[in-house]
Amino acid sequence: MAKTAARVGRNDPCPCGSGKKYKKCHGTAAHFTRPVNYLGLCGLAVPNGFTAGGLPTSLQIVGHAGDEAMALRIGHAYAEATDWKSRRPPEPAAPRA
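What comes next is a walk through the structure. What you see as residue numbers is a count from 1 along each chain, following the sequence as written. Confidence filtering applies because this is a predicted model: local features only for residues at pLDDT of at least 70, side-chain atom pairs given and counted only at 80 or more, and all residues used for totals across whole chains, interfaces and linings. Calculation of side-chain values draws on the structure's entire complement of heavy atoms; hydrogens and water are dropped beforehand.

Remarks on the pairing of strand E2 (residues 56-63)
For step 1, the next point in the chain: With eight bridges joining them, strand E1 (residues 42-50) and E2 adopt antiparallel strand pairing. Looking at the pairing, Ala45 lines up with Gln60 of E2.
For step 2, the next point in the chain: By definition, two strands form a pair when at least two bridges between them are found by DSSP. Think of it this way: any DSSP run of H or I at least four residues long counts as a helix, any run of E at least two long counts as a strand, and we number them from the N terminus. Connecting the antiparallel pair E1 and E2 is a turn made up of five residues, with Gly54 showing a positive phi of about 90°.

The structure is reproduced here in structure tokens:
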């Protein structure tokens, strides 16, 4: 049976430990991508690790407007050169009885 992570509600504290609500911290990626979108550039995110709390992180690749093929080639080369695509976050510790 597959284990699933506990769902974090939008108004719950962010699991990163910042003390902010999830919706104002890691609940949206828009604060990372908005500048790229405003400028009309293309972007791609590829996995590149985990936080100390086990949350995934990513590398954002930004390319010239209309040059999606270049961003995809860079992302593919990064994914092939690393093993992040096959890694999984650590299992949470079992609750103590």
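A short note on the pattern of salt bridges
For step 1, the next point in the chain: A carboxyl oxygen of Asp or Glu within 4 Å of a side-chain nitrogen of Lys or Arg is what we treat as a salt bridge. Scanning the entire structure with this criterion turns up one salt bridge.
For step 2, the next point in the chain: Asp83 is the salt-bridge partner of Arg87, the closest N and O atoms lying 3.1 Å from each other.
For step 3, the next point in the chain: Only protein chains enter the area calculation, which uses a 1.4 Å probe; residues under 20% of their type maximum are buried, those over 50% are exposed, and those in between are partly exposed. Judged by relative accessible area, Arg87 falls into the partly exposed class, the value being 37%.
For step 4, the next point in the chain: Using a relative accessible area of 36% as the deciding quantity, one classes Asp83 as partly exposed.

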